[in-house]
Every structure is written in structure tokens, then in C-alpha cells.
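Fold and geometry: a report
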Amino acid sequence: MNLNATLIAQLIVFFILVWFTMKYVWPPIAKALDERADKIAEGLAAAERGKSDFEQAEKKVAELLADGRNQATELVANAEKRAAQIVEEAKNQASVEAARIAAQAKSDVEQETNRAREALREQVAALAVKGAEAILRSEVNAAKHADLLANLKQEL
């Protein structure tokens, strides 16, 4: 019976150990495992939130970059249009100024031509008077001949 008593004593000690372990050892271990599992779950959830926030931030950055590129393209296009307008306005102003200068020069040339003609007419008239005076030295009437010279001027 020695074997049975040892076996029963070991069985009783085993049950006491199981009861003690389940009552005092297992709850803190289970609690620590549950806390660890909760922390891991929270960490995974935070990582998931961070990942989704990162993806949203990337989308927002991509949208902002696209908007920035569009605005830059639009600004460049507007600047090119304005530059073309400025060049066109400068060309128009230059052509108007050139036409004005050409008209002024033409007017000046006509005036100088008319002055030269008048001076030439006066010289021709003076020469004609001298010639006529030399021929007619005997009788020269200045008043009478002034009308003739004015008519001669007009004909020339």
C-alpha cells in the first residue's frame, strides 16, 4: 500500500499545485498576456491609422503639387501672352512713329523744295531784270516792270 499512498499523496499535492497555480499564479500571467495583447492591438491600430494618415497626406501633397504645377503653367502662359502683347504694342508704336517721322521728313523736303524754287525764281527774275536792263538801258521803269516780273515769276 505504500505505492498507493504515495500515488494518492502525489495526486493531492498535484491538485493543490494546480489549484494554487490557477488561483494565484495564472490570473497575473493571464492579465499580463491580455495587457500585452491589448498593447499590440493598440500598436497595430495606431500603425494602421498612421498608414492611412500617411496615404491621405500623400494624396493631399500630390493634389497640392498638381495645383502648383497648374498655377505655374498658367502663370507662364499668361507671362508669354503678355510678352507677346508688349512686343506687338512696341511694333505698332514703332511703325506709327516711323510713319510720323517719314511724313515729317516728306513735309520738310517739300518745304525745302518750295523754298529752293522760290529762291531760284527770284534769282531768275533778277537775272531777267538785269538782262532786260542791259538791253533797254535807255528806259527802265521799275513799277511797270515789277508787274511783268511778278507774272514771269508765276509762269516759272
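Residues numbered from 1 in each chain as written. Predicted model: local features only at pLDDT ≥ 70, side-chain atom pairs only at ≥ 80, totals over all residues. Heavy atoms only, no water.

1. With respect to the overall build of the protein
Across its full length, the protein carries two helices and zero strands. Here the protein holds 156 residues, and 1% of them are scored as buried. About 13900 Å² of surface is accessible on the protein, with carbon and sulfur atoms providing 62% of the total. (Helix = DSSP H or I, 4+ residues; strand = E, 2+ residues; numbered from the N terminus. Buried < 20%, exposed > 50% of the residue type's maximum accessible area, 1.4 Å probe, protein only. Areas by Shrake-Rupley, 256 points an atom, 1.4 Å probe, with all protein chains shown as cover.)

2. Describing a negative patch on the surface
There is a patch of like negative charges on the surface, built from Asp 34, Glu 35, Asp 38 and Glu 42. The residue Asp 38 is located in helix 1 (residues 2-135) in this model. Under the relative-accessibility criterion, Asp 38 is labelled partly exposed at 48%. (Patch = residues over 30% accessible without salt bridge, like charges linked within 9 Å, V, L, I, M, F, W, Y side chains within 5 Å. Salt bridge = Lys/Arg side-chain N within 4 Å of Asp/Glu carboxyl O. Lys, Arg positive; Asp, Glu negative; His and termini not counted. Charge placed at Lys NZ, Arg CZ, Asp CG, Glu CD.)

3. Section: the pattern of salt bridges
Across all of its chains, the model carries three salt bridges by this definition. One salt bridge in this structure joins Glu 97 and Arg 100, with 2.4 Å as the shortest N-O distance. Here Arg 100 and Glu 97 lie together in helix 1, a separation of three residues that amounts to about one turn. Take Arg 100: its relative accessible area is 48%, and that puts it in the partly exposed class.

4. Structural notes on the packing of aromatic side chains
Tallied over the full model, the rule gives three aromatic pairs. For the pair Phe 20 and Tyr 24, a centre-to-centre distance of 5.3 Å together with 45° between the ring planes defines the contact as tilted. Taken together, the residues span about one helical turn, with Phe 20 and Tyr 24 both in helix 1 at a distance of four residues. (Phe/Tyr/Trp six-rings, centres within 6.5 Å; stacked < 30°, edge-to-face > 60°.)

5. Considerations on a nonpolar patch on the surface
A contiguous nonpolar patch, built from Trp 19, Phe 20, Tyr 24, Val 25, Trp 26, Ile 29 and Leu 33 and spanning about 750 Å² of accessible area, is present on the exposed surface. One can find Trp 26 in helix 1.

6. With respect to the UniProt feature "transmembrane region" (unreviewed entry) in the protein
UniProt feature "transmembrane region" (unreviewed entry): in the numbering of this structure it lies at residues 6-26. In the segment residues 6-26, helix accounts for 100% and strand for 0%; the C-alpha atoms at its two ends are 27 Å apart. (UniProt positions renumbered as here; feature names shortened; annotations may be inferred.)

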